[in-house]
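Structural features, examined
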Amino acid sequence: MSKSTAALAIGSIITLCLLGIWIGQNVNFLPVDASTNATVYDELFKALFSIGSILFFGMVGLVVYSLVRFRRKPGEKGDGLAIEDNLPLEILWTAIPTIVILFVGLYSYDIYDRMGGMQSLQTSAHHDHQEMESIQKIWGGIGSGSIDSTNKNLKDSIPIEVTAMQFAFLFHYPEGDILSGELHVPVDKPISMRMESKDVIHAFWVPEFRIKQDVIPGQPTILNFTPTKTGKYPIICAELCGPYHGGMRSTVVVENENDYQAWHEKNSKVSVTSS
Amino acid sequence: MTISIPPSSSDQSKKLQPEGWLRYFSFSLDHKVIGIQYLVCGFIFYLIGGALASAIRIELVSPISDFMPRDVYNQVLTLHGTIMIFLWIVPVVNGAFGNYLIPFYVGARDMAFPRLNAVAFWMIPPAGLLLISSYFINGAAQSGWTAYPPLSITTPAAGQLIWILSVLLLGGSSIFGGINFIATILKLRRPGLRLMQLPMYCWAILGTSILVVLSTPVLAGTLVLLSFDIVAHTGFFNPTLGGNVVVYQHLFWFYSHPAVYIMVLPAFGLVSEILPVHSRKPLFGYTTMVYSIMAIVVLGFLVWAHHMFTSGTPPWMRLFFTIATSFIAVPTGIKFFNWVATLWGGKISINSAVLFSCGFIVNFVLGGITGVALAQVPFDVHAHDTYFVVAHFHYIVYGGSVFVIFSSIYHWYPKFTGRMLNDSIGKLHFALTFIGFNLCFAPQHWLGLNGMPRRVAEYDPQFIFFNQISSVGALIMAISTLPFLWNVINSAFTGPLAGDNPWSALTPEWLTSSPPPIENWEGEAPLVSKPYGYGENPEKPNLTSNILSDQSNSDSEEDEVKK
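All of these numbers come straight from a predicted model, not from anything done at the bench. (Residues numbered from 1 in each chain as written. Chains lettered and ligands numbered in written order. Predicted model: local features only at pLDDT ≥ 70, side-chain atom pairs only at ≥ 80, totals over all residues. Heavy atoms only, no water.)

**Notes on the overall build of chain A**
Under the convention used in this document: Secondary structure elements follow DSSP: runs of H or I of four or more residues count as helices, runs of E of two or more count as strands, with numbering from the N terminus. Relative accessibility under 20% of the residue-type maximum defines a buried residue, over 50% an exposed one, and the middle range a partly exposed one, all with a 1.4 Å probe and only protein chains included. Contacts are assigned to residue pairs that have any heavy atoms within 4.5 Å of one another. Exposure was quantified through the Shrake-Rupley algorithm and a 1.4 Å probe, taking into account, for residues, occlusion by the shown protein chains and nothing else.
Looking only at helices and strands, chain A features five helices and 11 strands. Looking at chain A as a whole, 49% of its 275 residues qualify as buried. Intrachain contacts of chain A at a sequence separation of at least 6 include 70% that bridge at least 24 residues. Counting every atom, chain A has about 12900 Å² of accessible surface; 61% of that belongs to carbon and sulfur.

**Section: the environment of Pro186(A)**
Residues and elements named next belong to chain A. Positionally, Pro186 belongs in strand E5 (residues 183-186). Owing to a relative accessible area of 1%, Pro186 belongs among the buried residues under this scheme. Distance from Pro186 to Ile158, taken between C-alpha atoms, is 9.3 Å for residues 28 residues apart in sequence. With residues near it in sequence (within four places) discarded, Pro186 still touches Ile158, Ile191, Pro227, Val254, Glu255, Glu257 and Tyr260.

**As for the environment of Tyr105(B)**
All names here are of chain B. What counts, and what does not: Side-chain atoms alone can form a polar contact between residues adjacent in sequence; in general such a contact is a pair of N or O atoms within 3.5 Å, and within protein one must be able to donate a hydrogen while the other accepts it.
For Tyr105, the location among the structural elements is in helix H3 (residues 70-106). When its relative accessible area of 1% is taken as the criterion, Tyr105 is described as buried. Aside from chain neighbours lying at most four places away, what touches Tyr105 is Leu193, Leu198, Pro199, Tyr201, Cys202, Glu273, Trp412, Thr507, Pro508 and Glu509. For Tyr105, the side chain forms a polar contact with the side chain of Glu509, separated by 3.1 Å.

**Let's talk about the pattern of salt bridges**
What counts is decided by this rule: A pair is scored as a salt bridge if a Lys or Arg side-chain nitrogen falls within 4 Å of a carboxyl oxygen belonging to Asp or Glu.
Overall, the coordinates contain 12 salt bridges over all chains when judged by the stated rule. Arg249(A) is the salt-bridge partner of Asp460(B), the closest N and O atoms lying 3.4 Å from each other. Taken together, the residues span two chains, with Asp460(B) in the loop between helix H16 (423-449) and helix H17 (464-494) and Arg249(A) in strand E11 (residues 249-255). Taking relative accessible area as the criterion, Arg249(A) reaches 31% and is therefore assigned partly exposed. For Asp30(B), the salt bridge goes to Lys32(B), with nearest N and O atoms at 3.2 Å.

**Observations regarding the confidence of the model for chain A**
Residues and elements named next belong to chain A. Selection rule: The predictor rates its confidence in each residue with pLDDT, a number between 0 and 100.
The share of residues in chain A with pLDDT of 70 or more is 83%, and the mean pLDDT across the chain is 84. Note that residues 127-136 has pLDDT below 50 and, in this model, nine contacts with residues that lie over four places away or in other chains. Segment residues 145-153: pLDDT under 50, and 16 contacts once partners within four positions in sequence are set aside and those in other chains are kept.

**Regarding the packing of helix H1 (residues 3-26) of chain A against helix H2 (residues 36-69) of chain A**
Residues and elements named next belong to chain A. Our working definition: Axis angles are defined between N-to-C directions and span 0 to 180 degrees, where every axis is a line fitted to C-alpha atoms and, for a helix, only to the segment in contact. Convention used here: angles under 35 degrees read as roughly parallel, angles over 145 as roughly antiparallel, angles from 65 to 115 as roughly perpendicular, and any remaining angle as oblique. Throughout, a crossing is termed right-handed when the near helix is turned clockwise from the far one, and left-handed when it is turned anticlockwise from it by less than a right angle. Amino acids are sorted into nonpolar (Ala, Val, Leu, Ile, Met, Phe, Trp, Tyr, Cys and Pro), charged (Asp, Glu, Lys and Arg) and polar (every other residue, Gly among them).
Remark: H1 packs on H2, axes separated minimally by 7 Å, with the N-to-C direction vectors making an angle of 140°. In terms of axis orientation, H1 runs oblique to H2. Seen along the crossing, H1 lies across H2 with a hand that is right-handed. On H2, the residues that touch Leu16, Cys17, Gly20, Ile21, Ile23, Gly24 and Gln25 of H1 are Lys46, Phe49, Ser50, Ser53, Ile54, Phe57 and Gly58. Each residue belonging to the contact of H1 with H2 can be placed in one class, and the counts come to seven nonpolar, six polar and one charged.

**Overview of the side chain of Ser152(B)**
Residue and element names in this part refer to chain B. Relative to the helices and strands, Ser152 resides in helix H6 (residues 151-154). Relative accessible area serves as the criterion here: at 0%, Ser152 is assigned to the buried category. A distance of 3.0 Å separates a polar atom in the side chain of Ser152 from the backbone oxygen of Ala147. Setting aside residues up to four positions removed in sequence, Ser152 forms contacts with Ser143, Ala147, Gln160, Leu226 and Ile230.

**Overview of the packing of helix H2 (residues 31-59) of chain B against helix H15 (residues 387-417) of chain B**
Residue and element names in this part refer to chain B. Between H2 and H15, the least distance of the axes is 13 Å, while the angle of their chain directions is 145°. Where H2 crosses over H15, the handedness of that crossing is left-handed. Of H15, the residues touching H2 (which contributes Ile36, Leu39, Phe43, Tyr46 and Arg57) are Tyr387, Tyr398, Val402, Phe406, Ile409 and Phe416. Broken down by class, the residue content of the contact of H2 with H15 amounts to 10 nonpolar, no polar and one charged.

**Thoughts on H16(B)**
Residues and elements named next belong to chain B. Our working definition: To estimate how far a helix should extend, the number of its residues minus one is multiplied by 1.5 Å.
The end-to-end C-alpha distance of H16 is 39 Å, a good match for the 39 Å that 27 residues give at a rise of 1.5 Å each. For H16, the side-chain oxygen to backbone nitrogen distance between the N-cap and Ser424 is 2.9 Å, and the N-cap itself is Asn422. Taken from the residues just after H16, Gly451 is the one with a positive phi, measuring 120°.

**Side note on the packing of aromatic side chains**
This is how it is decided: Here a Phe, Tyr or Trp ring, Trp counted by its six-membered ring, pairs with any other such ring whose centre lies within 6.5 Å, and the pair is stacked when the planes are under 30 degrees apart, edge-to-face when over 60, and tilted otherwise. The rule is short: NZ of Lys or CZ of Arg within 6 Å of the ring centre and within 35 degrees of the ring normal puts a charge over the ring.
Inspection of every chain in the model, using the stated rule, returns 74 aromatic pairs over all chains. Ring centres of Trp93(A) and Phe284(B) lie 5.6 Å apart, and the angle between their planes is 55°; this geometry places the pair in the tilted category. Taken together, the positions of Trp93(A) in helix H3 (residues 87-114) and Phe284(B) in the loop between helix H9 (245-279) and helix H10 (286-300) put the pair across two chains. Judged by centre distance (5.8 Å) and plane angle (20°), the rings of Tyr248(B) and Phe252(B) are stacked. One end of the pair, Tyr248(B), and the other, Phe252(B), are both in helix H9, four residues apart, so they sit about a helical turn from each other. The same class applies to Tyr248(B) as to Phe252(B), namely buried. Seen from the ring of Trp205(A), Lys212(A) lies directly overhead, with NZ or CZ sitting 4.5 Å from the centre.

**Focus on the sheet that holds strand E10 (residues 231-237) of chain A**
All names here are of chain A. Which entries qualify depends on this criterion: Two strands make a pair as long as DSSP finds a minimum of two bridges between them.
Pairing in this open sheet of five strands is mixed, and the strands run E5-E11-E10-E7-E8 from one edge to the other. Among the strands making up the open sheet, the edge pair consists of E5 and strand E8 (211-215). Sheet twist, expressed as the average angle between the axes of neighbouring strands with direction ignored, equals 25°. In terms of strand pairing, strand E7 (residues 202-206) meets E8 through five bridges, oriented antiparallel. Each bridged residue has a counterpart across the sheet, and for Phe204 the counterpart in E8 is Gln213.

Below, the structure is given as structure tokens:
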């Protein structure tokens, strides 16, 4: 290989890497980040997007370059070079994906840990009220026992019981015995949800929180999160649950502490008198 | 020890088989006829599945459910998935090309078990008709191709039961085919032909058949239990009777993740046959290709629970399956680098077969990258069950497998029919398919990340624009079928004669007439010890020298075997 081609190859690899990193940092494919999970998630997404862009545009570049550079010209006869293998080269491109995969794996483990995925379920707020045997049965979604940046104690988290059915979510607040079709949560407070389905499998998904957990009949699941931005976000059922699956939506209202308290007081009174 | 099969002791069997066009509608035992039967039958189901896909895209032009009733929409998406997987891609990449090519590649006159082979094919049309007819009985299954309970237990039973019966038949056909391929590749090789001299497609089919034989019975057992839950009100998966719905998911994905490799490994093999011929270069890194196929087979069994990251799985299980799934990218990556290295320095004829194969590389790389991303638990909890996943797996099964099927049809059509396809129309077909496909599925990545779940008939109005682009892409894909159909039908009658070996290829199927005679060769099967020996004789790029030298090699090897 001559010096100029080597320089050209190295130059294009560097350009490719810079392009990939730029794409990862600047092209935003995600909605607003409105929970502690979401910021961590977006960090992982940017890294994966950069790596993916470098690999994708690199491979496309190689294929297109080969097709143009090594195409058979009119009237040309004969075969290409009889190269059957090249051990150093093959070791190189076994090593590249291995290293990328190891990096991605370790990095996503770190992200997973920061989301609280590795925490034991015992830290969940519900367990104060549960019997031991039911603790054994509960399965955690990601963010179970999630630790937010301000390091609040999980005992402060607000417990909410979620019931999913064809085709609605129902939210029950044990404190104040509120039953609501809309999820109201205060900003910057950890929430701990215990979810169970009455009929088929549903899934609780808030894209802006970057969390999803199936809601399963006969098998309670736990999902914890801490919203960080006030606003209204959609709650979407993400598991095919019947004809009206597409219409099974609700809203989560993230509001500041005062508004939440006002909502809570107003509704818990109603709830108390009616019951 | 392999036994050489003497030619034409078979006047009797020739007379038993119908001849002419009628044999394609008969219980023919000829592997080439069965291969074409698989291919044409699969393509008819592809057109049906494609029509269903078009119905889905029409429904999604507007954000409200207005084109068809909601339960019909769920039936349509269930049928679309089931037909495309079990009646189009799996039978075609395995059954069609496997039956046609494998006996040539191992130097045999037919498959190991010709009757079993014919039975395996003839299970498919009734199973397919049964599946489609369920729509007219009491509504087809409407719980998706995954048929998760309790939804599959609570939706109308007739459609779901017919769906189970049909998938059981198709699974049985697949198992029969797998057993036949394993026996043929391992036991029917021409004397002197060693395993490491086989064309790569043999390795792909061997690996795939191992997956089929080991994993399909698990699906069959699972579906039988599911049918008990529906008919006999047992409680295997029914939570109201103490059953566990997540167990079903484990069992289902134990088959259905390997099923992805059952759809793509043969495609990898086919591309490995096509690229060397048209770039006039040996397949790069044969040995690493073989090992990477087998690595994918082994790892393919250890990744199923990555479909269940949001189902409620313990943390250790999520980590294990993340790591196992990610590592499949390593052997897969090797193959892609090897294909690019095969192109590199070649003299590539830019024809429809090469374009579809290169289109496959580009699409599959994107599908593979999104696949590695989805394998990461923290990434998956957001993207799972959204249109991002829909985009990902269509890049794998359409951008991957279906592009390879088209590439293979352009490559082997001269062998099948003895006539050439029109390459200009082929390039038009490629351009329309590639543009339509990417227009249809690329925007779905964004849709999924921004909050559109899969399998919905209605969606948030903010997603109208990208859904309409996607539907335009689907329309272009539908249109792209027309020039292809015209090309294959018209060329069968009026295409220029191809001759025995229009591509000057070295693999054994080209070393006989086009179309090949019954029992494949007039005389002794040639021994091709270097199926990719391009460029070894740059003065005269023709085959005779290569093959003759192999013949002399073979004698000495046979002697070795005898000793």
